[in-house]
Amino acid sequence: MPVACDPFLCVQGLGKTYAERRWWGGSRSGKTALEDVSFHLEKGRTLGLVGASGSGKSTLARALALFEPPTSGAIRIGGRNLWSLGGAERRRARAEVQLIFQEPAASLNPGFTAAQIVEEPLVIQRWGTRQARREKACGWLQMVGLPRQSAGKPALHFSGGERQRLAIARALILEPKLLLLDEAFSGLDLSIQAQIESLLAGLRSRLGLTCILISHDLRAVARLADEIAVMDSGRIVEHGATADLAARAQHPRTRELLEASLALSLDGTLS
Amino acid sequence: MRIAATLENRPAAMLALVFLAMLHGAVVLAGFLAPYPFAEQHRESPFAPPTRIHFFDAAGHFHPRPLVYGPEGSQTYPIELFVHGRLFGVQEPGVLFLLGSDGFGRDVFSRLLYGGQVSLLTGLAAAFLSLGLGWVLGTAAGFYGGWLDRLLMRSGELFLVLPWLYLLLAVRGFLPLHITALQAFLLLIVVIGAIGWVRPARLVRGVVLSGKERPFVLAAQGFGATDAYLMRRHILPLTAGVILTQATVLIPQYILAEVTLSFLGLGVGEPVPSWGNMLSEARQYYTLVSHPWMLTPGLAAIPVLLAYLVLADALLPDQRYRYP
Amino acid sequence: MKYLIRRLADSLLLLAALSVVSFVFAQLAPGDYFSELGTDPRFSTETVAALRAQAGLDRPLPVRYAKWVRSCIRGDLGYSLAYNSPVAPLLWQRIPATLLLTATATFLAWLLAVPIGIWNATVRGTWGDRVSQLIWAVLLTIPELVLAIVLLVLAAESGWFPAGGMRSAGFSAMDRWAQARDLAWHLALPAAVLVLGMLPVLVRHVRASMLDAIDSPFALSARAHGIPRGRLLFRHLLPAAMNPLVSLLGFSLGTLLSASLLVEVVMGWPGLGPLFLEAVAARDFALVLAVVMFSATFLVAANLAADLLLYRLDPRIRTE
């Protein structure tokens, strides 16, 4: 199929408007969460998506991760519009985009063991034999810094930071092409946050991952992101390389976020 | 499982469980443990008080094997093991009425054991039926939603709009009355169990509905899971806890339902004993005054209900959440 | 307000559905009022069939239903074959007795449960509390049936209370004062059984609700402000704990009616209970249906009233 754009991730004119249901069954248009969102992302780059609550960043994440269909526009990953695929094909294609949720504890089934959690995507996608899946899961446990022996431990027994590691291992075991992290660092202690960040940085370079980090905190994202896009009221108001943004922030919203992030050093660069 | 862990921490609950297991075992083995068949009458000893067991005879000699005195008063009969194919008993014409006898000279203790079969097992089977029905319908309602959900919940309201005893009597009353004891037993199970599906169904539906929204379910969807997988692997296991808790609440209620129905003459009838129809013999107060042992079927229910209460408290300490 | 009107319409629909389902069920169920006669060899099948036709039992279902609805509108509420009279007078004769019993029992039970529950909550963890919990547990597990029988026996033996019935002989000859005393004397035992049956559940609920209120953040801050204990209890905690209790009132009414049916039958209290049982045993459908509809309407109305009360009492609901 002819590819319209070169970059790995190509978002064009994306819009999402929620329909309000009338009690008689009809509907009318209600809240507009996304409006005419367009951007590109090269393979292997990391984009930081920042904005205040209600700016539409989570909606964008859900649309990218195939949880909620957009009402207009298109998303192409590696040239394919995944939303245009049929049911079973789309389920298989989900392996290519993975979303890591904010609350590490809630996104893991407390009744599962660590190994069951990490290998679940393989089970769902019917990959390999039981032995092979278990092996791969244990391998990934090590890759995120957890001991192999903890494979049989129930999820309850892991700490917050450890659970986030499990979530990362689980998300990466299918070797997705695009990884989304929605507020993945908030709610963790600062020291744990730093550990997870370095883990992610390591995995990212090792696997050549393309990432999108979503947060309301500019500082949390700035360390890992190559580019930053700022969202406000459903639109992208500014998009540029991280280093440039501090120096030449155009949009008032960006300036607000910069000031809020306390990381502004005296000479105006983001540290 | 977390349920097992909860129980292990509460010695009272473990005790209750052991007690219930032993009682049910005893009742199931009534044919062996009871000294007399439930219908055997001893017309010469109606309303006999509980037979006294002696270790020392009139002459003061000690007998390691206890004995009872015969009707005349002088002849002694030792309690023997493994007699007449049962665990213990005495030779004729001696009688061993551990809890006395009723108006027809039938051994109350034996009938208590056999009656327990009817009452306890009706409670269990009816609860099983209610829970099964409720589980299937609740899961369907929660999973499919839409018109099926609305239909089931509305129909459920019909069952809840009446006081339960009124509903039970009305349904039972309009079904055939002159049936054999076995038919009555099965009919009771079906009626009691079928009309009680609503509360379990609502609870299961609630669990399924909230389960669908849990983040780990969304996460699994993110890996491309089908609805069937989500239900099987994540949502339905959540229903196990609710079902188990409901069981501890429903079983005692259903035991009481059987007892009530049989007491009122709409349950299991003569000569098959049930704790209910045995109590109806005690209804005449002069019977009870002179023969207090006739109350034992009612008293026997108390430890059973208490044991289930202890279990229910252990599984769901806040009683207010037991009634959805 | 709109919500309440919708609830009302809902309830009426439910009751109408109940009446239809009852008719259908009775139709599908084998046998009717004359089935007993059918088994009696003295009555020929023609006689039985004629009797059926006379009573209108052979007409099609919708016709019979319409006839019943008309009868209700007229105020007769159907025609009882067993008593050979319209159902309404039979009901009105019995309903006051049941209402008296259940109302008295409810009033007494709540009167006792609230203070005891509050006391339980305030002494949580102590010996008094533990002993109380044990007492409630045992009381809860004594079947009302057994309790009724035992109290009846005690009454008969001691003579302190009458062994059943609602009025002594010569009731009509007494003056008002003596009549009231006589009624109360007869009411005592049946009401006692019902109260003892309800008390454990209510006390547990009150205790749990009070504990919730006591442990809530607003109570802790009120204590930190130095608000004296009495005022805290009655002005702050009790209203907060009332909400779940009002819901409980609506819910427990169904159980209460069932219990009172049994108590009335065992203790000879001439209320709806014995009437209903007789009607069921005789397959007198009109009477059964009338009692069923009455009890359902009563429950639905009580629940609506409880919801209304909740709405007025709890400002949190109003803001929704």
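Keep in mind that this is a model prediction, so the values were computed, not measured.

Would you explain the overall build of chain B in this entry?
What chain B contains, in helices and strands, is 13 helices and 5 strands. Each principal axis of the C-alpha atoms in chain B carries an extent, and together these give about 85 × 45 × 35 Å. Residues counted as buried form 45% of the 324 residues belonging to chain B. A separation of at least 24 residues holds for 68% of the contacts in chain B among residues at least 6 apart in sequence.

Even after reading the chapter, I still don't get the overall build of chain A, so can you show me in this structure?
Within chain A, the secondary structure is distributed over 9 helices and 9 strands. Going through the 271 residues of chain A one by one, you find that 39% of them count as buried. Counted over contacts in chain A with a minimum sequence separation of 6, partners at least 24 positions apart contribute 67%.

I keep staring at the interface of chain B and chain C and nothing clicks. Help me out?
A common way to express how large an interface is: the accessible area buried when the components associate. Facing the 37 residues of chain B at the interface are 45 residues of chain C. Counting only elements with at least two residues in the side of chain B that touches chain C, the list comes to helix 5 (146–160), helix 6 (164–173), helix 10 (227–263), helix 12 (285–290) and helix 13 (296–315) of chain B. In terms of residue count, helix 13 of chain B provides more of the side of chain B that touches chain C than any other element does, 7 residues in total.

In this structure, what is going on with the interface of chain B and chain A? I would like to understand it.
Counting residues at the interface gives 12 residues for chain B and 18 residues for chain A. Contributing elements (two or more residues each) for the side of chain B that touches chain A: helix 9 (215–222) and helix 10 of chain B. Considering every element that reaches the side of chain B that touches chain A, the biggest residue donor is helix 9 of chain B, with 5 residues. Grouping the amino acids of the side of chain B that touches chain A by side-chain chemistry returns 8 nonpolar, 4 polar and no charged.

Hey, could you run me through the sheet that holds strand 2 (residues 62–69) of chain B in this one?
Adjacent strands of a sheet form backbone hydrogen bonds with each other and so pair up, either parallel or antiparallel. All names here are of chain B. One open sheet holds the 3 strands; their spatial order is 1-2-3, and the pairing between them is antiparallel. Because the sheet does not close on itself, it has two edges, and the strands there are strand 1 (54–56) and strand 3 (76–78). Neighbour-to-neighbour, the strand axes of the sheet open up by a mean angle of 50°, direction not taken into account. Examined bridge by bridge, strand 2 and strand 3 share 3 bridges and lie antiparallel to one another.

Looking at this structure, I do not really get the environment of Glu197 of chain A. What am I missing?
Residue and element names in this part refer to chain A. Its location among the elements puts Glu197 in helix 6 (residues 190–207). The partly exposed category is assigned to Glu197, around which 17 C-beta atoms lie within 10 Å. Spatially, the C-alpha atoms of Glu197 and Arg223 are 8.7 Å apart, while their sequence positions differ by 26 residues. Beyond its immediate stretch of four places on either side in the chain, Glu197 contacts Arg223 and Leu224.

Could you clarify how one ought to interpret the nonpolar core in this entry?
Nonpolar side chains in soluble globular proteins generally cluster together in the buried interior. Core analysis: the largest hydrophobic core is formed by 236 residues, its most contacted members being Val118 and Leu180 of chain A, Tyr166 of chain B together with Ala148, Phe276 and Val288 of chain C. For this core, the leading source of residues is helix 4 (residues 108–144) of chain B, giving 15 residues. Shared between two domains, this core holds at least three residues of each, these being domain 1 (2–87) and domain 2 (91–319) of chain C. The residues contacting Ala148 of chain C, other than those within four sequence positions of it, are Val193, Val263, Val266 and Met267 of chain C.

I would appreciate a short explanation of the sheet that holds strand 5 (residues 97–100) of chain A in the present structure.
Residues and elements named next belong to chain A. The sheet built from 6 strands is open, its strands ordered 5-6-7-3-8-9 with mixed pairing. Each end of this open sheet is capped by a strand with a single partner; those strands are strand 5 and strand 9 (235–241). If you compare each strand with its neighbour and ignore which way they point, the axes differ by 20° on average. Here strand 5 runs beside strand 6 (residues 178–182); their pairing, made up of 4 bridges, is parallel. By the bridge assignment for strand 6, Val97 is matched with Leu178. Relative to the sheet, helix 9 (residues 252–260) contacts strand 3 (46–51), strand 8 (227–232) and strand 9, its axis offset from that of strand 8 by approximately 110°.

Honestly, the packing of helix 4 of chain B against helix 13 of chain B in this entry has me stumped. Any pointers?
A packed helix pair is summarised by two numbers, namely the angle formed by the two axes and the spacing between the axes. Residue and element names in this part refer to chain B. Contact pair helix 4 / helix 13: the axes reach a minimum separation of 10 Å and the direction vectors enclose 50°. One finds that helix 4 runs oblique with respect to helix 13. Handedness of the helix 4/helix 13 crossing: right-handed. Each of Val108, Leu112 and Gly115 in helix 4 lies in contact with helix 13, whose residues at this interface are Thr296, Pro297 and Ala300. Grouping the constituent residues of the contact of helix 4 with helix 13 by class yields 4 nonpolar, 2 polar and no charged.

Would you explain the pairing of strand 9 of chain A in this entry?
A regular strand places its side chains on the two faces of the sheet in alternate fashion. Residue and element names in this part refer to chain A. In this sheet, strand 9 lies alongside strand 8 in antiparallel orientation, the contact comprising 6 bridges. Considered in strand 9, the bridge of Val230 is made with Glu238. Joining the antiparallel neighbours strand 8 and strand 9 is a turn of 2 residues, in which Ser233 adopts a positive phi near 50°.

Cut-offs applied
Just so you know, the residues in each chain are numbered from 1, in the order the chain's sequence is written. Note on labels: chains are lettered from A, ligands numbered from 1, in written order. Restriction of local features to residues with pLDDT of at least 70 applies here, the model being predicted, together with a cutoff of 80 or more for giving and counting side-chain atom pairs; totals for whole chains, interfaces and linings are based on all residues. Helix and strand assignments come from DSSP, with helices taken as H or I runs of at least 4 residues and strands as E runs of at least 2, each series counted from the N terminus. Residues with at least 20 other C-beta atoms within 10 Å of their own are called buried, those with 12 or fewer are called exposed, and the rest are partly exposed. The C-beta atoms themselves are positioned from the backbone. For every residue pair, C-beta atoms are placed from the backbone, and the pair is scored as a contact if these atoms sit within 7 Å. Three classes are used, and their members are as follows: Ala, Val, Leu, Ile, Met, Phe, Trp, Tyr, Cys and Pro are nonpolar, Asp, Glu, Lys and Arg are charged, and the others, Gly among them, are polar. We call two strands paired when DSSP finds no fewer than two bridges between them. Interaxial angle, 0 to 180 degrees, is taken between N-to-C directions of lines fitted to C-alpha atoms, where a helix line uses only the stretch in contact. We define the nonpolar core as any set of buried residues of the types Ala, Val, Leu, Ile, Met, Phe, Trp, Tyr and Cys, connected via C-beta atoms lying within 7 Å of each other. Segmentation of the chain into domains, including their bounds, is taken from an automatic or database domain assignment. When describing relative orientation, an angle under 35 degrees is termed roughly parallel and one over 145 degrees roughly antiparallel, while 65 to 115 degrees is termed roughly perpendicular and anything else oblique. Each helix crossing is assigned a hand: it is left-handed if the near helix lies turned anticlockwise from the far helix by less than a right angle, otherwise right-handed if that turn is clockwise.

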